[in-house]
Amino acid sequence: MGTTRRDFLTAAAAAAAGAAATGELSHAQQEPGHEHQAVPSDMTLRVKALESLLVEKGIVDSKALDALVDTYENKLGPHIGARIVARAWTDPAFKQRLLADTDAAIEAMGFGGQQGERMVAVENTPRVHNVIVCTLCSCYPWSVLGLPPMWYKSTAYRSRTVIDPRGVLKELGLDLPETVEVHVWDSTADLRYIVLPERPPGTENLSEQELARLVTRDSMIGVARVQAPREGGRA
Ligand code: FE
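Since this is a predicted model, take the numbers as computed values, not measurements.

## What about the overall build of the protein chain?
Thought 1: Within the protein chain one finds 13 helices and 4 strands.
Thought 2: For the protein chain, buried positions account for 23% of its 235 residues.

So this is what it looks like as C-alpha cells:
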C-alpha cells in the first residue's frame, strides 16, 4: 500500500508539474463538460501521505484523528467566543470576572483551553483598541475561536501588525482615529488573548443570544468592530 500510494503521489505531482510547465491543456479543459477531479494541492497530498503512513504504522488511530478533526471543524469555533462576549456585554459581574480571571470565567460557561494555555481577555473601549497576533508562529485562542484564518498565519500579518498596526488595520477595513490608542498583544503557546469588542450602539434591546449572533471572529481578533444590525432591527 505504501509503495502504491507513493507511486500515485509521485505520478500526480509529476503530472501537475508537467502540465504547469508546458501550459498543456488538461483533458477536462479540452473537453468541456467532461469533469475530472482536480489534483489535490501539494500540502493536501503531503498531509494525506503523512496520515496514511502514521495510521499504517500504528502510530495514530484513525478514529482518534477523526475525532480531532471533528472537534476543530464542528465543535470549536468563533460561536463560543461570541457567546462569551455577549455574556460580558449583558452581565457586568461576568465581564469583571472575564477581565480579571479569563480562564475561570470561560470555564464557568463550560468552555476552556485544552492545552493548558492561559487566556487573557483584553477590552476595547472608545479610547483603546486591542489587536492580537502571534509574531513567532500562529498561536491563537483556538479553544474559543476555532482555527485561525489563513491571513493570521501569514508572514505579512505577523510581522507588520507589530510594526504598523494602524496601517494593517486600515488595510483590513478598520480605520481608527488617531485619538484611539492601539495595543498589540503577541500570543505565545502559553498565553493567548481574546479581544472583548465594544458593544455597538443601538443594541440595547437585544438579548444575549441576539447579541452573540452579531459578534464576528475578526472582532475578537481585533481587526474589525462589531456592527449593529441594519435598520436597528433584531439580530
Ligand atoms: Fe504561535
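Further notes follow.
## Some thoughts on the environment of Ser207
Thought 1: For Ser207, the position within the fold is in the loop between strand S4 (191-196) and helix H12 (208-214).
Thought 2: Once the C-alpha coordinates of Ser207 and Thr90 are considered, the two residues, 117 residues apart in sequence, prove to be 8.2 Å apart.

## What to know about the nonpolar core
Thought 1: Counting residues in each nonpolar core, the largest one holds 36 residues, and the members touching the most others are Val85, Ile194 and Val215.
Thought 2: Put simply, the parts of the chain that give this core at least two residues each are helix H5 (78-90), helix H7 (102-108), strand S1 (118-123), strand S2 (128-133), helix H8 (142-145), S4, H12 and helix H13 (217-221).
Thought 3: Sorting elements by how many residues they give to this core places H5 first, with 7 residues.
Thought 4: Residues within four places of Val215 in sequence aside, it is in contact with Ala82, Val85, Ala86, Pro197, Met220 and Val226.

## Here's the deal with the environment of Glu117
Thought 1: Structurally, Glu117 is set in the loop between H7 and S1.
Thought 2: Placed 71 residues apart in sequence, Glu117 and Thr188 show a C-alpha to C-alpha distance of 8.8 Å.
Thought 3: Not counting residues up to four positions away in its chain, the partners in contact with Glu117 are Ala189, Asp190, Leu191 and Arg192.

## Some thoughts on the confidence of the model for the protein chain
Note that predicted coordinates carrying low pLDDT should not be read in detail.
Thought 1: Residue-level pLDDT values for the protein chain average 84, and 80% of them are 70 or greater.
Thought 2: This stretch, residues 1-6, has a pLDDT under 50; its non-local contacts, to residues over four places away or in other chains, come to 4 contacts.
Thought 3: Per-residue pLDDT stays below 50 along residues 15-32; that stretch engages in 10 contacts with residues further than four places along the chain or on separate chains.

Parameters and conventions
Residues numbered from 1 in each chain as written. Predicted model: local features only at pLDDT ≥ 70, side-chain atom pairs only at ≥ 80, totals over all residues. Helix = DSSP H or I, 4+ residues; strand = E, 2+ residues; numbered from the N terminus. Buried ≥ 20, exposed ≤ 12 C-beta atoms within 10 Å, placed from the backbone. Core = buried A, V, L, I, M, F, W, Y, C linked by C-beta atoms within 7 Å. Contact = placed C-beta atoms within 7 Å. pLDDT = per-residue confidence, 0-100.

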